[in-house]
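Secondary and tertiary structure notes
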Amino acid sequence: MVEYKTDGQFTLLEINNPPVNALSYPVRDGLLRGIKKAIADDKIKAVIIVGNGKTFLSGADIKEFSKQYKGPDITDVGRVLEASLKPVICAVHGQALGGGLEIALFSHYRIADSKAKFGFPEVLLGLLPGRQGTIRLPRVTGLTVAIDLITSGRHISAQDALKYGIIDKIVTGDLLAEAKSFAANVIGKPLDTKRLSQIPLKGAENADQLFENALTAVKKKYKGMIAPTYCLKSIRGAVKLPFEEAAENEHILFRELMTSGQSEALRYSFFAERAVSKWKLPSGASALNTKPLLIQTAAVIGAGTMGSGIAICLIRSGIPVVLIEQNAKMLEVALRNIGLILQDSVKRNRMTTDKRIECLRILRGANSLDKVSEVDIVIEAVYENLKLKQEIFAQLDKICKPSTLLCSNTSTLEIEKLASVTKRPDKVAGTHFFSPAHIMRLLENVYGLETSPTTVATIMDLGKRIGKVSVLVRSCHGFVANRMNKNFDEAQFLLEEGATIQDIDRVYEEFGMPMGVFKVSDLAGTDIRWLVQKEKAKLKGITFNLDTRYINGERYCTIADRICELGRFGIKTGKGWYKYESTNPHKAIPDPEVTDIVLTHCKNLGITRRQISYLEILERCFYATINEGFKILEEGIAEKPEDIDIIWQAGFAFPKYRGGPMFYASQVGLTKVYERICYYHKTFPYSIHWVPSNLLKKLASHSSQIPISQWMNFSNSKL
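Let me sum up the structure you'll find in this document. Throughout, a residue's number is its position along its own chain's written sequence, starting from 1. Under the rules for a predicted model, residues below a pLDDT of 70 receive no local features and side-chain atom pairs below 80 are neither given nor counted, while totals for whole chains, interfaces and linings still include all residues. Calculation of side-chain values draws on the structure's entire complement of heavy atoms; hydrogens and water are dropped beforehand.

To continue, consider the sheet that holds strand 4 (residues 88-92). An order of 1-2-3-4-6-9 is seen for the six strands of this open sheet, with the pairing classed as mixed. Both edges of this open sheet fall to strand 1 (2-7) and strand 9 (169-171), since each of them pairs with a single strand only. Strand after strand, the sheet turns through a mean of 25° between neighbouring axes, direction not considered. When DSSP finds two or more bridges between two strands, those strands count as paired. The way it works is that DSSP assigns letters per residue, a run of H or I at least four long becomes a helix, a run of E at least two long becomes a strand, and they are numbered from the N terminus. For strand 4 and strand 6 (residues 109-113), the ladder comprises four bridges, and the chain directions are parallel. Within strand 6, the position partnered with Cys-90 by the bridge is Arg-110. Lying on the sheet, helix 7 (residues 175-186) is in contact with strand 1, strand 2 (10-15), strand 3 (46-51), strand 4, strand 6 and strand 9; it crosses strand 6 at an angle near 155°. Lines are fitted to the C-alpha atoms to define the axes, a helix being fitted only along its stretch in contact, and any angle between axes, read from their N-to-C directions, falls within 0 to 180 degrees. Any two residues whose heavy atoms approach within 4.5 Å are treated as being in contact.

In structure tokens, the structure reads:
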């Protein structure tokens with residue numbers, strides 16, 4: 001994987017480990033052997049390290065983290081590189097990330113083409129650059145830049161790398177030819193100042209105040225994550241300790257992170273996000289054997305917040321869109337708002353002015369469904385009403401060309417019910433975006449009984465094109481995301497029994513969720529769920545009043561209904577579960593009126609309130625969700641645990657450093673989770689979500705912990 005070439009007075013070490021030139025064992029071994037061979041050859045005057053293919057070195061091979069690590073280590077290679085009396089030059093194209101950047105920092109010189117990227121993304125895996133990255137980078141960039149790059153994991157351009165001193169030169173011609181020319185000019189020059197272990201660290205005078213400020217900033221920005229603070233500890237060691245002691249300190253901190261639950265979860269999340277694209281249907285059709293259709297034009301039905309957001313996703317990706325809205329005034333407002341959102345993207349340097357102009361050029365509004373007759377895909381995004389959606393799908397089936405895919409943004413309704421009113425059920429699917437659609441990463445794609453593999457492949461490919469994390473699930477009421485979202489129901493029951501809104505939200509936020517469940521309800525609009533519940537009850541012929549405690553034998557809480565009956569619809573009305581002031585409309589302020597509503601509700605229903613512990617709130621809110629996740633797996637609604645976890649990460653901002661609800665359950669221990677679910681089922685027999693999952697029961701009864709990668713073997717066996 002490392003080819004040794006001689007070219008006159010130069011040795012070229014060419015790395016060839018596709019697709020990303022990861023620093024796996026053969027690469028490390030090849031580099032070490034190559035540099036030793038070059039050093040021993042008197043005819044060789046300089047060594048050039050280059051990457052073959054699309055990139056230089058993308059970092060460590062993450063798959064090796066869970067295996068017995070085989071030497072040599074990156075530092076073993078690096079020490080020999082640095083000690084060489086012959087100049088070692090890294091010629092970078094593509095990316096020099098993580099261990100790849102560390103190899104470059106061990107070398108004496110670094111040049112790059114103008115499109116190269118540099119960075120230390122280890123923190124995103126719950127780690128730090130553990131091969132002297134935290135003590136070498138500050139020596140070229142200074143502390144401020146090093147702290148920013150290492151704690152954020154962000155990539156920087158070659159231009160910034162040159163500005164910060166990471167590289168010595170940007171080349172515009174042939175990279176290898178330029179590297180030879182550069183090497184020829186440095187042969188024979190002293191290398192002492194090019195060995196970073198021998199030079200003092202820049203900007204250490206104000207280190208204490210700098211670290212104090214940085215610690216405050218990372219705790220606020222990366223709430224709950226330990227890796228950024230460990231990065232700071234290691235960089236601080238680079239300031240306070242001699243070089244070799246700092247390197248040992250870095251290694252100790254790296255090992256602590258490597259064995260932490262957070263890093264395990266983040267590494268799982270890294271692979272899980274890639275696994276969800278490898279979908280497979282019960283028929284055997286899969287991402288590997290099914291070709292998607294090319295979507296060149298689209299239509300979105302409904303110009304509300306969701307429809308407008310979906311339209312933005314499509315036009316940003318260069319797909320022309322017809323936005324349909326019967327209400328002319330509402331359509332006008334939507335088109336204007338889309339323009340403003342794109343203008344904000346320009347202000348934030350996320351889009352150029354020319355790109356905004358092009359996006360608006362390929363967007364047009366219309367008031368009639370007739371305008372969608374020639375598009376390749378239609379995405380319906382109207383109010384969650386089955387009858388209305390069926391009327392639209394029946395019309396679309398008659399208007400659209402036979403090859404057009406008919407998709408719905410429904411968040412709960414079975415796809416089969418929409419497909420049943422068309423003559424093309426094979427071309428009907430769900431494309432469930434999350435609000436705000438132009439920001440949230442998740443696209444929950446839903447297939448029905450008759451949805452074809454080609455349709456599935458097309459919507460999964462479309463999700464990738466528009467920059468979403470696409471996860472495929474089977475149709476059922478609520479699919480995966482909303483079916484599992486038992487948190488709000490259980491939060492209301494806890495509220496009835498004695499917890500406060502602030503108690504419950506605090507547990508959520510300390511767990512790592514960006515917002516508590518009641519704050520989320522206020523942000524989305526308390527009326528959205530209320531209206532869906534009323535529609536669902538209407539469809540089932542259920543009637544209830546504000547004193548209802550059970551519906552069809554299942555526990556129900558009407559506190560949210562009471563809130564909505566009073567017009568408290570959240571931030572948009574200035575009051576919901578909290579109150580909001582016009583001067584700071586997103587600051588949630590506890591409202592005594594809501595406390596009175598809760599207490600009156602409990603008094604009217606004869607409920608005696610009690611003290612509820614932090615642990616009970618945590619277990620009841622998250623274990624109910626986990627239990628439903630196992631039911632979804634055993635029913636085949638989701639193909640694998642990774643699908644569920646990525647849905648929760650990308651759709652509900654579940655903290656990546658906990659892996660997702662299913663991975664979190666594996667870390668807690670399935671036996672313990674199952675026992676607590678059984679306890680709550682016995683305690684609350686009228687809450688159906690506490691009925692234990694058969695799959696969870698089987699996994700929990702096994703004599704040893706079953707790895708999450710093996711769960712589906714049990715699911716597919718007889719339960």
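Among the nonpolar cores identified, the biggest contains 103 residues, and Ile-504, Phe-518, Trp-577 and Phe-630 are the most heavily contacted of them. Residue contributions to this core peak at ten residues, all from helix 25 (residues 614-635). The contacts of Trp-577, once residues within four sequence positions are left out, are Phe-488, Gln-492, Leu-495, Ile-501, Phe-518, Ser-521, Asp-522, Thr-526, Ile-559, Ala-560, Ile-563 and Val-594. Counting residues in each nonpolar core, the second largest holds 74 residues, with Ile-62, Val-140, Ile-166 and Ile-235 among its members. Definition used in this section: a nonpolar core is a set of buried Ala, Val, Leu, Ile, Met, Phe, Trp, Tyr and Cys residues joined via side-chain atoms within 4.5 Å. For the exposure calls, accessible area comes from a 1.4 Å probe over protein chains only, and a residue counts as buried if that area is under 20% of its type's maximum, exposed if over 50%, partly exposed in between.

The two faces of strand 14 (residues 405-408) match: Leu-405 and Cys-407 on one face and Leu-406 and Ser-408 on the other face are all buried. Where strand 13 (residues 377-380) and strand 14 come together, four bridges link them in parallel fashion. Paired with Val-378 across the strands is Leu-406, a residue of strand 14. For strand 14 and strand 15 (residues 428-433), the ladder comprises three bridges, and the chain directions are parallel. Among the inter-strand pairings, Leu-406 is bridged to a residue of strand 15, identified as Val-428.

So, on to the packing of helix 11 (residues 261-275) against helix 26 (residues 641-652). As a packed pair, helix 11 and helix 26 sit with axes 9 Å apart at the nearest point and diverge in direction by 105°. It follows that helix 11 is roughly perpendicular to helix 26 by the angle criterion. The segment helix 11 lies against helix 26, with Tyr-268, Ser-269, Ala-272 and Glu-273 engaging Pro-641, Glu-642, Asp-645, Ile-646 and Gln-649. Each residue is assigned to one of three groups, with Ala, Val, Leu, Ile, Met, Phe, Trp, Tyr, Cys and Pro labelled nonpolar, Asp, Glu, Lys and Arg labelled charged, and all others, Gly among them, labelled polar. Residue classes in the contact of helix 11 with helix 26 are distributed as four nonpolar, two polar and three charged. Each angle is binned into one of four classes, with values under 35 degrees roughly parallel, values over 145 roughly antiparallel, values of 65 to 115 roughly perpendicular, and all other values oblique.

The pairing test for Phe, Tyr and Trp rings, Trp by its six-membered ring, is centres within 6.5 Å, and the orientation test on the planes gives stacked under 30 degrees, edge-to-face over 60, and tilted for anything in between. If you walk through the whole model with that rule in mind, you get 20 aromatic pairs. Residues Trp-648 and Phe-652 carry aromatic rings whose centres are separated by 4.6 Å and whose planes lie at 55° to one another, so their mutual orientation is tilted. Taken together, the positions of Trp-648 and Phe-652, both in helix 26 and four residues apart, correspond to about one turn of that helix. The class for Trp-648 is buried, based on a relative accessible area of 2%. Aromatic ring contacts, followed pair by pair, group Phe-434, Tyr-508, Phe-511, Phe-622, Trp-648, Phe-652, Phe-654 and Tyr-664 into a single cluster. Geometrically, a charge over a ring is one whose NZ (Lys) or CZ (Arg) sits within 6 Å of the ring centre while staying within 35 degrees of the ring normal. The ring of Tyr-230 carries Lys-233 above its face, with NZ or CZ at 4.4 Å from the centroid. When the ring centre of Phe-511 is taken as reference, the NZ or CZ atom of Arg-658 above it lies at 4.2 Å.

Turning next to the pattern of salt bridges. Here a salt bridge means any side-chain nitrogen of Lys or Arg lying within 4 Å of a carboxyl oxygen belonging to Asp or Glu. Enumeration according to the criterion identifies 43 salt bridges in this entry. A salt bridge links Glu-273 to Arg-441, with the shortest nitrogen-to-oxygen separation between them at 2.6 Å. Of the two residues, Glu-273 sits in helix 11 while Arg-441 sits in the loop between strand 15 and strand 16 (442-447), which places them 168 residues apart along the sequence. What emerges from the salt-bridge pattern is a single network uniting Glu-490, Glu-496, Glu-497, Arg-555, Arg-610, Glu-616 and Arg-620.

Packing of helix 4 (residues 133-141) against helix 10 (residues 243-258) leaves a shortest axis separation of 8 Å and a crossing angle of 130°. Judged by the inter-axis angle, helix 4 sits oblique to helix 10. Contacts between helix 4 and helix 10 involve Gly-133, Thr-134, Ile-135, Arg-136 and Arg-139 from the former and Phe-243, Ala-246, Ala-247 and Glu-250 from the latter. A per-class count over the contact of helix 4 with helix 10 returns four nonpolar, two polar and three charged.

Strand order in the open sheet made by the three strands is 5-7-8, with mixed pairing throughout. In this open sheet, the two strands that pair with only one neighbour each are strand 5 (95-97) and strand 8 (156-157). Contacting strand 5 and strand 7 (117-119), helix 3 (residues 99-106) crosses the sheet at an angle of about 90° to strand 5.

A separate point is the side chain of Ser-269. One can find Ser-269 in helix 11. Here Ser-269 falls in the buried class, since its relative accessible area comes to 3%. Beyond its immediate sequence surroundings of up to four residues, Ser-269 is in contact with Ile-646, Gln-649, Lys-656 and Gly-659.

Let us now look at the side chain of Ser-260. Take Ser-260: it is sitting in the loop between helix 10 and helix 11. Side-chain atoms alone can form a polar contact between residues adjacent in sequence; in general such a contact is a pair of N or O atoms within 3.5 Å, and within protein one must be able to donate a hydrogen while the other accepts it. A polar contact is formed between the side chain of Ser-260 and the backbone nitrogen of Ser-263, at a distance of 3.2 Å.

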